[in-house]
Amino acid sequence: MFPAASLLTTLLLAMSIAASPVEVRDSPITLPIARRLNTPSGTINLLEHDQARAASLKNVGTSTLLSPTEAVSYVAAVGVGSPATTYQLIVDTGSSNTWVGANTAYVKTSTSVSTGQPVTVDYGSGSFSGTEYTDTVTLGSGLTITAQSIGVASTSTGFTGVDGIVGIGPLDLTEGTLTNEQTTTIPTVTDNLYTQGIISEMVVGVSFEPTSTTLSTNGELTFGGTDATKYTGTLAYTPLTTTYPASYYWGINESITYGSTTILAETAGIVDTGTTLILLASNAYTKYQSATGATLDRTTGLLRVTLTQYDALQNLNFNVGSNTYALTPNGQIWPRALNTYLGGSNSYIYLIVNNLGTPSGEGLDFINGQTFLERFYSVFDTTNARVGFATTSYTDATTN
Ligand SMILES: *[C@@H]1O[C@H](CO)[C@@H](O)[C@H](O)[C@H]1NC(C)=O
């Protein structure tokens, strides 16, 4: 479908040396993103949402990804058309189609071209169906992609308060989403930014920050590089894992220790902006529960600890290559100011580590979700097939 573009990509890839990503500072290629607690029915069931997503992620091939209705999402304002209509799109590293129309209707302009192709993505707890268009897409202030392939939903379920998704996962996740062209992939916004010469490397830097409010512009997405103002220390990279199905996403190998106790021996899992909690394979989750002494809270499905247990919490260490990313005790709890949005009590302390729902050894044994990414800057580097992390000024924050 895009032979010229893919040839160009191949040539440019062949010429590029695996250098460090470009550092982007005060660049037009950054856009703010906001964390939204979306609670159409008053409270959210975080665990149900995240476990449904995890099950869907592990089930590559039968259904594609999910993303949320009653959930916590990082949302970017993305312009489509010329003049542009602005849509609020979930920023999802775990899926790769970009689409609009769930809430705000698609406004066609002179740049809107229907391909006539039906498109469907099943997200486990939601879905959309519609028609694939190409249109001008504007990210941030003035970063414009021409002829970006986007889905325009005619029907969608499971998306309240947002207009769709900007998918920044691997290209292969788009395969099978065009109903009549099951082997065709759809270049993502990152792919097109690169082939149109707007960025020189297919790299996306993600900055999330902890927040205690239901709507906060506490994130930043950087295309084509990283933003050194958003992290401290050095960025360290780890190669994408070869273990399936984690290899289908932004998958890496890591081990996890609680204090000095091994919770999960080195294994493959994923880094995902569309999952809120940190999910661990059930055997690792059980070890974490006994190490912390936490009890299961039946109302929220989350683990909870007493103040005494909280004061005694140790770091939860994510060991990636030769680096350790220590999630502090405060980083392991849900922001207490938001307890009631979980249907929880203000007098409890809930943990953000939970159960993936399946045992380890199945090729996707952990998900480092938003609550991890709010403490560590992350880099999704397609060009060099790697993921990077760095500490931030929020790594040791005590705001939760
Ligand atoms: C990750 O772990 C798997 C399984 O232990 C191993 O085969 C692989 O070499 C490791 N590294 C990468 C980059 O996949």
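Conventions used here
- Residues numbered from 1 in each chain as written.
- Predicted model: local features only at pLDDT ≥ 70, side-chain atom pairs only at ≥ 80, totals over all residues.
- Heavy atoms only, no water.
- Helix = DSSP H or I, 4+ residues; strand = E, 2+ residues; numbered from the N terminus.
- Contact = heavy atoms within 4.5 Å.
- Areas by Shrake-Rupley, 256 points an atom, 1.4 Å probe, with all protein chains shown as cover.
- Phe/Tyr/Trp six-rings, centres within 6.5 Å; stacked < 30°, edge-to-face > 60°.
- Buried < 20%, exposed > 50% of the residue type's maximum accessible area, 1.4 Å probe, protein only.
- Lys NZ or Arg CZ within 6 Å of the ring centre and 35° of its normal.
- Pairing = 2+ DSSP bridges.
- Axes fitted to C-alpha atoms, helices over the stretch in contact; angles between N-to-C directions.
- Near = heavy atom within 4 Å.
- Polar contact = N/O pair within 3.5 Å; in protein donor to acceptor, adjacent residues only side chain to side chain.
- Nonpolar A, V, L, I, M, F, W, Y, C, P; charged D, E, K, R; others polar.
- Arc of directions from axis to C-beta.
- Core = buried A, V, L, I, M, F, W, Y, C linked by side-chain atoms within 4.5 Å.
- Domains from an automatic or database assignment.

### Observations concerning the overall build of the protein chain
Phase 1: Of the regular secondary structure elements, the protein chain holds 6 helices and 23 strands.
Phase 2: For the protein chain, the proportion of contacts with a sequence separation of at least 24, taken over those separated by at least 6, is 69%.
Phase 3: Summed over all atoms, the accessible surface of the protein chain reaches about 14600 Å², with 52% contributed by carbon and sulfur.

### Concerning the packing of aromatic side chains
Phase 1: Overall, the coordinates contain 15 aromatic pairs when judged by the stated rule.
Phase 2: Both rings, one in Trp99 and one in Phe128, keep their centres 4.1 Å apart while their planes meet at 15 degrees; by these two values the pair is stacked. Remark: Phe128 occurs in strand β6 (residues 127-139) and Trp99 occurs in strand β4 (residues 99-100); sequence separation between them is 29 residues. Each member of the pair, Trp99 as well as Phe128, carries the same accessibility label: buried.
Phase 3: Between Trp250 and Phe380, the ring centres sit 5.3 Å apart and the planes meet at 70 degrees, which makes this aromatic pair edge-to-face. Here the residue Trp250 occupies a position in the loop between β11 (232-239) and β12 (251-258), and Phe380 occupies one in strand β22 (residues 376-381), the gap between them amounting to 130 residues. As far as the burial class goes, Trp250 and Phe380 line up, both buried.
Phase 4: Taken together, Phe318, Tyr325, Phe372, Phe376 and Phe389 form an aromatic cluster joined through their ring pairs.
Phase 5: Lying over the aromatic face of Tyr348, Arg304 brings its terminal NZ or CZ to 3.8 Å of the ring centre.
Phase 6: Here the guanidinium or amino end of Arg386 rests over the ring plane of Tyr237, the centre of that ring lying 3.7 Å away.

### Focus on the sheet that holds strand β20 (residues 353-355)
Phase 1: On the basis of which strands lie adjacent, the open sheet formed by 7 strands has the order β18-β17-β12-β13-β21-β14-β20 and mixed pairing. Two strands in the sheet have a free side with no partner beyond their single neighbour: β18 (323-327) and β20. Each adjacent strand pair in this sheet contributes to an overall mean axis angle of 35 degrees, direction not counted.
Phase 2: As defined by bridge partners, strand β14 (residues 278-280) adjoins β20 across 3 bridges and the pair is classed as parallel. Bridge assignment links Leu280 to a residue of β20, and that residue is Asn355.
Phase 3: Here helix α2 (residues 46-58) sits on the sheet in contact with β13 (261-271), β14, β20 and β21 (366-368), set at roughly 60 degrees to β20.

### Describing the site of the ligand
Phase 1: Residues in close proximity to the ligand include Pro239, Leu240, Thr241, Thr242, Thr243 and Asn253, which together make up its full environment.
Phase 2: A distance of 3.5 Å separates an oxygen atom of the ligand from a polar side-chain atom of Thr241.
Phase 3: In the environment of the ligand, an oxygen atom lies 2.8 Å from a nitrogen or oxygen atom belonging to the backbone of Thr242.
Phase 4: Protein contact buries 47% of the 360 Å² of open area that the ligand shows by itself.
Phase 5: Within the shell around the ligand, the residues separate by chemical class into 2 nonpolar, 4 polar and no charged.

### Considering the environment of Leu356
Phase 1: Its location among the elements puts Leu356 in the loop between β20 and β21.
Phase 2: Taking the C-alpha atoms as reference points, Leu356 and Leu279, separated by 77 residues in sequence, lie 4.8 Å from one another.

### Details of helix α4 (residues 282-292)
Phase 1: Buried residues of α4: Ser282, Ala284, Tyr285, Tyr288 and Thr292, and no others. Buried residues of α4, seen end-on, are gathered within an arc of 155 degrees and therefore sit on one face of the element.

### Brief notes about the nonpolar core
What tends to happen in soluble globular proteins is that the nonpolar side chains get buried as a cluster.
Phase 1: Among the nonpolar cores identified, the biggest contains 88 residues, and Leu139, Leu221, Phe223, Leu280, Leu316, Trp334 and Phe389 are the most heavily contacted of them.
Phase 2: Viewed by domain, this core spans two of them, domain 1 (29-208) and domain 2 (229-391), each represented by three or more residues.
Phase 3: If we skip the residues at most four places from it in the chain, Leu316 touches Ile256, Thr257, Tyr258, Ile263, Tyr288, Tyr325, Ala326, Leu327, Gln332 and Val353.
Phase 4: With 12 residues, the next largest nonpolar core counts Trp99, Val121, Phe159 and Val162 among its residues.

### As for the side chain of Thr188
Phase 1: Topologically, Thr188 is positioned in the loop between β8 (164-167) and α3 (189-195).
Phase 2: What makes Thr188 buried here is its relative accessible area of 3%.
Phase 3: In this structure, Thr188 is in contact with Ser96, Gln148, Gly167, Gly169 and Leu171, ignoring residues within four places of it in sequence.

### Considerations on unusual backbone geometry
Phase 1: Going from Ser82 to Pro83, the amide bond is cis rather than trans, its omega being 0 degrees.
Phase 2: Within the secondary structure, Pro83 is located in the loop between β2 (72-80) and β3 (85-92).
Phase 3: In this structure, Pro245 follows Tyr244 across a cis peptide bond, with omega equal to 5 degrees.
Phase 4: For Pro245, the location among the structural elements is in the loop between β11 and β12.
Phase 5: Residue Ala147 is not a glycine yet carries a positive backbone phi of 50 degrees.

By themselves, these figures tell us nothing about what the structure is for.
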